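# Coordinate inspection notes
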Amino acid sequence: MKKVLAIVLAAALCLALFAACGTPATTDDTTAAPTVGSTAADDTTAAADAKLTATEGVLVMATNAAFPPYEFKEGDNFAGIDVEIATAIAEKLGLTLEIQDVEFGSIVGGVQTGKFDIGMAGMTVTEKRLKSVNFSESYAKGIQSVIVPEGSDLTKFDDVYSEFDAEGNPAAVKEGIIIGVQQDTTGDIYCSSDPADFGVGEANVIRYKVGADAVQALKAGKVSAVVIDNEPAKSFVAANEGLKILDTAYTEENYAIAIAKENTALLDAVNGALKALTEEGKVAEIIAKYIPAE
Amino acid sequence: MAEFFASIQKKFILCFVDDGFWKWLVQGFKNSLVITFFAVIIGFLLGVVLATVRSSYDKNEESLRLRKGIGYYLLRFFNGLCKVYITVIRGVPVVVQLMIWYFVILVSQKNGVIVAVVAFGFNSAAYVAEIFRGGIMSIDGGQFEAGRSLGFNYVQTMIYIIIPQVIKSVLPTLLNEVIALLKETSVAGYVGIMDLTKAGDLIRGRTFEAFMPLIAVAIIYLITVIVLTKVFGIFERRLRKSER
Amino acid sequence: MNGEVLIKVENLKKHYLGGKVKALDGVNCEVHKGEVLVIIGPSGSGKSTLLRSLNLLEIPTSGSILFDGTDITNPKTNINIHRQKMGMVFQHFNLFPNMTILKNMTIAPMKLLKMPKAEAEKRALELLDRVGLSNRAYNYPSQLSGGQKQRVAIVRALAMNPEVMLFDEPTSALDPEMVGEVLDVMKELAAEGMTMVVVTHEMGFAREVGSRVVFMDGGVLIEENTPEEFFAHPKSQRTVDFLSKVL
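The notes below deal with the structure included here.

How each quantity is defined
Residues numbered from 1 in each chain as written. Chains lettered and ligands numbered in written order. Predicted model: local features only at pLDDT ≥ 70, side-chain atom pairs only at ≥ 80, totals over all residues. Heavy atoms only, no water. Core = buried A, V, L, I, M, F, W, Y, C linked by side-chain atoms within 4.5 Å. Buried < 20%, exposed > 50% of the residue type's maximum accessible area, 1.4 Å probe, protein only. Helix = DSSP H or I, 4+ residues; strand = E, 2+ residues; numbered from the N terminus. Contact = heavy atoms within 4.5 Å. Buried area = accessible area lost by both parts, 1.4 Å probe. Salt bridge = Lys/Arg side-chain N within 4 Å of Asp/Glu carboxyl O. Nonpolar A, V, L, I, M, F, W, Y, C, P; charged D, E, K, R; others polar. Polar contact = N/O pair within 3.5 Å; in protein donor to acceptor, adjacent residues only side chain to side chain. Pairing = 2+ DSSP bridges.

Time to look at the nonpolar core. Within soluble globular proteins, side chains that are nonpolar generally end up buried alongside one another. With 53 residues, the main nonpolar core has F132, I136 and I162 of chain B together with I7, L50, V164 and V197 of chain C as its most contacted residues. Counting residues per element, this core draws most heavily on helix 7 (residues 154–184) of chain B, which supplies eight residues. The next biggest cluster of nonpolar side chains, apart from the first, holds 47 residues, and it includes I40, L102, A206 and F242 of chain C.

This is the structure we're talking about:
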């Protein structure tokens, strides 16, 4: 037994060595072109000479295409606000857009290691994410909405709490309250925190792989409410009878594009393109196309 | 080298210590074990019943037909039912079955772990049934005849004479099924259950570190499987004693 | 032929493949209480099928078998009850390999006759003592020689207190030097007055112990007689041919 354990640990250590060697390099991707300057991270002046993206002429965008209307699949193609804005940015920068559909949780890590050039997936700027990557200017506003069944006792999110402290901050969650969320999204992170941080606590959250499953669980009565971005929430409520969105949102926040910390050149370029697109009215046009004004 | 260890340590702390994420691993591991344990029990009991019906029909079809009792038609019906069950279960991915149980059949059951136990248990039963059927068919016909000639009825012969011998001969294969089941529970996350894999996933989503949580999860699974193998090995050796 | 009839076989037929193969083709015979009926015949003659039909290990195609006056071929008869009274010994012993000798012998009395464990074990040890194997009670079958295994198989059947013992070629799978020890046990049993039906190739045993000898060929009884008459003056030509080959 001891021998086996030793072998296992040794194997784990070997793996650790490989990984440790792999992490610091910005472009360790095997598909990366050899022209990429690996010193770009340390020497910002070199950025001007370095290529903007890992593969010359191609802008690789990581997304999780299960978050309508920001990104979703239409047949074999990708569509959505993020997809169209990214296309417009790539066009402005003279690059070809390539989309990689990955798990939401893998996006920031992939951008950080240079596997993807940008990450766009209805992603909000959080302190934790800022530790790993940079974010562009915001291109859209995200609202975390609360979906409940018609006739639910919950009329606002605060109704999930049974107690408040002297300052009026939540202190305890009502018994039987379960909030459904999409794993790794803002709704998940916020709701999983303690009541004092306006969440409901680990134990009262069920995390689903996709938002649609959370909504199905809501319909089946397995959860009391679903907290999810406002735009997909609207789509879900429109598609499912007997559900409604609470008038007051859970939170409101801004969506931005994740870019590797080292690649300030790309950050500047993307911000420039975004600014131009906003001025041209292109951004508003794209958003209006997917989210009809109420 | 020191730098390397420092970076490993930093990542370790980031992934497991800082936000108390190690608790997710503990909770997830516990859920994985609970689901596996109870699913194995359901799978074993139901699997033995399925296997008994199937092999009883295969072994006794001729004699029952000759005796023309209602038993023949009943057994034939149940045999057909078992066949359909095994075909369907083995033909549909377990994650799809799990979602069907969660979203369609056990709609009112709010405890996801219970749904997973049922889904994995019923799934495993089909595989256990085939393992056992093979085991039953491989037991020498003389053992059945000896049991029957002493006056045991069919079910008693199965319970007292055949099944104990079958268990011994299928134990290694059965262990494989338990190990496979433990690893299959990693799809429990699809219905919102926090199993070990999901715990690793969550840490990955929160820390944006792929290496640490994945390796941690992998090592926990691996050690569990090694321990299981060891325990079954001891069990098997004890049963084998009688063969010498 | 004194003693009342214990088993009565009437026009018994066993056909396979829709009648193409006739293992038994209309057999009539009787087994009387206290007698030793020896069935002999070439291989494929149907003698084993006949024996195995007596406790319905083979289900006959037609005909009837009366055991103690009950037709056991009737599907409504609970055959398990009747099998308890018909001990059977197989060519290949069929001991349960995962149980000790003692467990082999006590499981049926305990589970079926609801005999208390202590009593079942006491009886089992007495029986083992009779066949000289009481020191083997806690061994497993794989630790015994073929002759020992068959002796255990005989006392395992006896542990159920049967009214008749059926022997299906009990010495055919044994090394020659072990045949004697098994036949000795069977002789002793016969001397005690046990009703026995024996399918065997041991002509010496048939002559010495048998009350009656039945010769079978092609699924039918060719002739039956006392051993003395049977071996001294066979009536049928087929019997003569057979005996000329085996004696």
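Another point: the interface of chain C and chain B. The interface of chain C with chain B comprises 35 residues on the first partner and 25 residues on the second. Between chain C and chain B, a total of about 2400 Å² is buried, with carbon and sulfur atoms accounting for 58% of that surface. Across the contact surface, chain C and chain B share one salt bridge. Between E145 of chain B and R52 of chain C there is a salt bridge whose closest N-O contact spans 2.6 Å. Secondary-structure elements contributing two or more residues to the side of chain C that touches chain B are strand 1 (5–16), helix 2 (79–84), strand 6 (86–89), helix 3 (101–112) and helix 5 (146–158) of chain C. Its residues assigned to classes, the side of chain C that touches chain B comprises 20 nonpolar, 10 polar and five charged.

Bringing the interface of chain B and chain A into the picture now. Taken together, the contact between chain B and chain A spans 35 residues of the former and 36 residues of the latter. Summed over both partners, the interface of chain B with chain A comes to about 3000 Å²; 63% of that surface belongs to carbon and sulfur atoms. At the boundary of chain B and chain A, one finds one salt bridge. Here D201 of chain B ties to K209 of chain A by a salt bridge, and the two come within 3.3 Å at their closest N and O atoms. Scanning the region where chain B abuts chain A turns up nine residue pairs in polar contact (both at pLDDT 80 or more). Of all the secondary structure elements, the ones that give two or more residues to the side of chain B that touches chain A are helix 1 (2–17), helix 4 (94–105), helix 8 (196–207) and helix 9 (211–240) of chain B. For the side of chain B that touches chain A, the element with the most residues is helix 9 of chain B, which contributes eight residues. Considering only residue class, the side of chain B that touches chain A consists of 22 nonpolar, five polar and eight charged.

Here we come to the pairing of strand 3 (residues 71–74) of chain A. All names here are of chain A. Relative to strand 3, strand 2 (residues 66–67) is paired through two bridges, and the arrangement is antiparallel. Bridge assignment links A66 to a residue of strand 3, and that residue is F72. One ladder, built from three bridges, connects strand 3 with strand 4 (residues 77–79); its direction is antiparallel. Counted as the bridge partner of K73 is F78 from strand 4.

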